[in-house]
Amino acid sequence: MKLLSSFLLSATLAMPAVAASTHKMSVDTDESAGIISKHIYGHFAEHLGRGIYDGLWKQDENGDYIIRDDVIDALKDLGIPNLRWPGGCFADYYFWQDGIGPKEQRPSVVNNLWGGVTEDNSVGTHEFMELVAELETDPIVVGNVGSGTVEDMANWWQYVNHPGESPMSKLRAENGRAEPWNVEYWGVGNESWGCGGNMRPEYYADLYRRFATFLHPYENVKPFRIAAGAAGADYNWTDVVMERAGDMIDGLDLHHYTIQGSWTTKKGEAVNFDESDWFELMDRAIEMDEIITGHKKMMDKHDPEKRVWLIVGEWGTWHEQEEGSIPGFLYQQNTLRDALTASVTLDIFHQHLDRVKMANIAQTVNVLQAMILTDGEKMLLTPTYHVFDMYKVHRDAVALPIKLNKGKYRYEGDSLPALSATASRDKDGRTHISLTNIDPHEARTIEIDLKGMDVSAVKSGRILTAEAMNAHNTFDNPDNLVPVSFDGARVEKGKLIVEMPAKSLVTLEL
Ligand code: AHR
């Protein structure tokens, strides 16, 4: 019965292709639109659901938590530039002292925020630092402003970073680590307008100044201080916080999720959706452009030199969690639809690279728009993982200015831009173009004028697409939706012609 219904579902969602329309695009290969910061490809791991325990770590035969090698290998292949921890909302409930020292002496607390489960603090500062060392990635630590003290946060900073003799470096050494970890990126609270303390921006700005004062630079590391940014389109938050505390802020952490349906009644489902849900989610994803533009305007008012980074510290799709999964664990499947919202969002970040220098998709394993899902010993890579993999060529590359006739994806009297793109040149001089077609029906032909480049052939290409809009990977069929080699691009009379199927993402190397 189950099999039959999933067959019927994918059959209904399989969209017949319609004849391709042609779109013009130009890429200025001699010009630069700036550097795409690798930190835009950042990740986030909160003590939430099965993200930490049973995600990045698993229990060995003695019940001790050990780093999960299969997950780590997959993340190493992806090459993640940073990892944000321990929250999220959890950060403003977290007392770091509970997570150091002998494991049997660490207290257990209740994770009231996420499922009311016991948090036994098996994973704490040392374990997280071992993980980031293994991943060769930069840690982003978020301190507790909502329920902690300035002293707590200052001591944590000292514990991880102090290079010489100090009470906290002594304690660190007693716990087995003599050398400092040199953690640079430091969040001063999370969502302080909500779960982080329900503050007004005026109050938070003052509190931020106070907490940030005690993050002292040492000879080995200078703090990059990140203030809690706004929720979605709350531009007033950005205006007030930048005006009152901007001089002490290095990064402002905006959070904006892509949901279909409603926060207050019911969000949409991850796998079971129709075209109206597809259209709505794409529409919501594209809103990121408007939201970033609004916050940039406020930041430009107070920081015209663009010193302060706009960080999109939490983004991604948020669906109703999977039926049967533990309440509060935010476990959701991930389909082609999620993948294309990710590529469109990454394109938007690139278009705002003058201000957006860092972003963290939520969350790495088993939570929200994850890269990886696990089930006991089984593991799968989600379609979103594959998008990050196809896009990694753009990290730290020079963005090339593009002009694109995006066309229209029409649905029931409404329309959205059908196409989205990024072009870049990497350090070795290789040019890459990524193209997304969100239209689930219509294939598109894109005729690209590569100004300043004499292209004779396409070196390689990969495509992510499927017949069904809700195509996804399962533990029984983990390679159902993976990128495959793409042969739909050719050079004709000096122009690059790309035949993009409906609902697809393509990355080309020229
Ligand atoms: O990512 C899940 C939650 O979403 C985070 O804890 C919080 O910061 C946000 O509201």
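That block above? That's the structure.
Computed from a predicted structure; not experimentally measured.

A. Seen up close, the packing of aromatic side chains. Summed over all chains, the structure comprises 23 aromatic pairs. Summarising the aromatic geometry, the rings of Trp-85 and Phe-128 are spaced 4.4 Å apart at their centres and angled 10° between planes, so their arrangement reads as stacked. Of this pair, Trp-85 sits in strand β5 (residues 82-85) while Phe-128 sits in helix α3 (residues 125-135), and the two are 43 residues apart along the sequence. Of the residues examined, Phe-128 reaches a relative accessible area of 0% and is grouped as buried.

B. View of the state of the cysteines. In the structure shown here, the tally under the stated rule is one disulfide. Here Cys-89 connects covalently by a disulfide to Cys-195, the sulfurs 2.1 Å from one another. Across the S-S bond of Cys-89 and Cys-195 the torsion is about -85°, and the bridge reads as left-handed. You can see Cys-89 sitting in the loop between β5 and β6 (109-111) and its partner Cys-195 sitting in the loop between β9 (185-188) and α6 (201-213), a full 106 residues away along the chain. Among the residues examined, Cys-89 registers a relative accessible area of 13% and is labelled buried.

C. View of the site of the ligand. Neighbouring the ligand are 13 residues, the closest being Glu-46, Cys-89, Glu-191, Tyr-257 and Glu-314. Among the residues forming the shell around the ligand, the class breakdown is seven nonpolar, three polar and three charged.

D. Focus on the packing of helix α2 (residues 69-78) against α3. Look at α2 against α3: their axes get within 9 Å of each other, and the N-to-C directions meet at 50°. Judged on the interaxial angle alone, α3 and α2 are oblique. Residues Ile-72, Leu-75 and Lys-76 of α2 pack against Leu-131, Glu-134 and Leu-135 of α3. Residues that form the contact of α2 with α3 fall into these classes: four nonpolar, no polar and two charged.

Thresholds, definitions, all that
Residues numbered from 1 in each chain as written. Predicted model: local features only at pLDDT ≥ 70, side-chain atom pairs only at ≥ 80, totals over all residues. Heavy atoms only, no water. Phe/Tyr/Trp six-rings, centres within 6.5 Å; stacked < 30°, edge-to-face > 60°. Helix = DSSP H or I, 4+ residues; strand = E, 2+ residues; numbered from the N terminus. Buried < 20%, exposed > 50% of the residue type's maximum accessible area, 1.4 Å probe, protein only. Disulfide = S-S within 2.5 Å. Near = heavy atom within 4 Å. Nonpolar A, V, L, I, M, F, W, Y, C, P; charged D, E, K, R; others polar. Axes fitted to C-alpha atoms, helices over the stretch in contact; angles between N-to-C directions. Parallel < 35°, antiparallel > 145°, perpendicular 65-115°, else oblique. Contact = heavy atoms within 4.5 Å.

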